[in-house]
Amino acid sequence: MINEQIRDKEIRLIGENGEQLGIMSAKDAYKLAQEAELDLVKIAPTAKPPVCKIIDYGKYRYELARKEKEARKKQKVIEVKEVRLSPNIDTNDLNTKTGAARKFLEKGDKVKVTLRFRGREMAHMSKSRYILDDFAESLKDIAVVDKPSKVEGRSLVMFLTAKK
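The following refers to the structure shown. Here, residues in each chain are numbered from 1, in the same order as that chain's written sequence. In view of the model being predicted, local features appear only for residues whose pLDDT reaches at least 70, and side-chain atom pairs are presented and counted only at 80 or more, with totals across whole chains, interfaces and linings using the full set of residues. Only hydrogens and water are set aside; all other atoms, that is, all heavy atoms of the structure, feed into the side-chain values.

Let's talk about the nonpolar core
Membership of the largest hydrophobic core comes to 19 residues, with the highest contact counts inside it found for Leu85, Val113, Phe135 and Leu160. Breaking this core down by element, the ones donating at least two residues are strand 5 (80-85), helix 3 (91-107), strand 6 (110-116), helix 4 (129-138) and strand 8 (155-162). When residues of this core are assigned to their parent elements, the largest contribution, 4 residues, is made by helix 4. Every residue pair with non-hydrogen atoms within 4.5 Å of one another is taken to be in contact. When near neighbours in sequence (up to four residues on either side) are disregarded, Leu85 contacts Leu94, Lys97, Val113, Thr114, Leu115, Arg116, Ile131, Leu132 and Phe135. Nonpolar cores were defined as sets of buried Ala, Val, Leu, Ile, Met, Phe, Trp, Tyr and Cys residues, with membership established by side-chain atoms within 4.5 Å. Three exposure classes are used, based on accessible area relative to the maximum for each residue type with a 1.4 Å probe and protein chains only: buried under 20%, partly exposed in between, and exposed over 50%. The helix count covers DSSP runs of H or I at least four residues long, the strand count covers runs of E at least two residues long, and both are numbered beginning at the N terminus.

Structure, rendered in structure tokens:
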């Protein structure tokens with residue numbers, strides 16, 4: 001809230017240089033802001049009494065936007081990449097999938113390993129769990145099992161995360 005939008009009876013006012021000007025009515029604070037040719041901005045609306053500051057609102061919004069942009073620059077988005085396997089996968093195909101998962105983990109992404117079952121393969125789900133165990137075992141030097149394998153519909157799913 002800025003200027004006339006502030007309707008509180010009493011507010012704690014902070015001057016343009018950061019000094020405490022005390023508790024006063026919102027009208028008096030707005031008059032002080034007008035005299036300084038600046039804006040009255042509510043900084044902490046939940047405080048008792050609410051805290052307002054005399055500042056240039058345009059400059060204040062610019063600073064907030066800049067800080068937000070800096071924070072966004074520093075964070076890394078972790079993507080979840082998926083590797084799909086089937087229960088009758090051959091060793092060379094499994095090695096190829098392991099290599100792909102290794103690349104994803106080295107980039108810092110999480111890997112979702114899905115073992116998909118079709119038709120009669122559904123009857124032998126528990127016998128195929130070793131494929132996921134072998135997959136995790138082959139990547140244990142750079143990865144940790146984040147979520148162990150569990151059944152989700154027609155597939156077994158396991159999540160791997162890169163070691164720190």
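Details of the packing of aromatic side chains
Each Phe, Tyr or Trp ring, with Trp reduced to its six-membered ring, pairs with another whose centre is within 6.5 Å; inter-plane angles below 30 degrees give stacked pairs, above 60 give edge-to-face pairs, and intermediate values give tilted ones. Within this structure, the stated rule accounts for 1 aromatic pair. Between the aromatic rings of Tyr57 and Tyr60, the centroid separation amounts to 6.3 Å while the plane-to-plane angle is 35°, which identifies the pairing as tilted. Linking Tyr57 with Tyr60, this pair stays in helix 2 (residues 57-74), spanning 3 residues, or about one helical turn. On the basis of relative accessible area, Tyr60 is assigned to the partly exposed category, the value being 25%. One residue, Lys147, lies across the ring of Phe159, its end atom 5.0 Å from the ring centre. The criterion for a charge sitting over a ring is simple: Lys NZ or Arg CZ within 6 Å of the ring centre, and within 35 degrees of the ring normal.

Things to note about the pattern of salt bridges
Should a side-chain nitrogen of Lys or Arg be within 4 Å of a carboxyl oxygen of Asp or Glu, the pair is scored as a salt bridge. Throughout the structure, instances matching the rule amount to 10 salt bridges. Lys42 is paired through a salt bridge with Asp8; the nearest N and O atoms lie 2.7 Å apart. You can see Lys42 sitting in strand 3 (residues 39-44) and its partner Asp8 sitting in the segment before strand 1 (10-14), a full 34 residues away along the chain. Assessed through its relative accessible area of 14%, Lys42 is described here as buried. Taking the shortest distance from any N to any O, the salt bridge between Glu70 and Lys73 comes out at 3.6 Å. One end of the pair is Glu70 and the other is Lys73, both in helix 2 and 3 residues apart, which spans about a single turn. Its relative accessible area of 36% is what places Glu70 among the partly exposed residues.

What about the sheet that holds strand 4 (residues 51-55)?
Taken in spatial order, the 4 strands of this open sheet run 2-1-4-3, and their pairing is mixed. Of all the strands in the sheet, the pair left with one neighbour each is strand 2 (20-25) and strand 3. Between one strand axis and the next, the sheet turns by 35° as a mean value, whatever way the strands run. Most of the contacts of helix 1 (residues 26-35) go to strand 2, to which it runs at about 130°, and overall it touches strand 1, strand 2, strand 3 and strand 4. Each axis is a line fitted through C-alpha atoms, and for a helix only the stretch in contact is used; angles between axes span 0 to 180 degrees, taken between their N-to-C directions. Where helix 2 meets the sheet, its contacts fall on strand 3 and strand 4, and the angle it forms with strand 3 comes to roughly 40°. A strand pair is defined by DSSP finding two or more bridges across the two strands.

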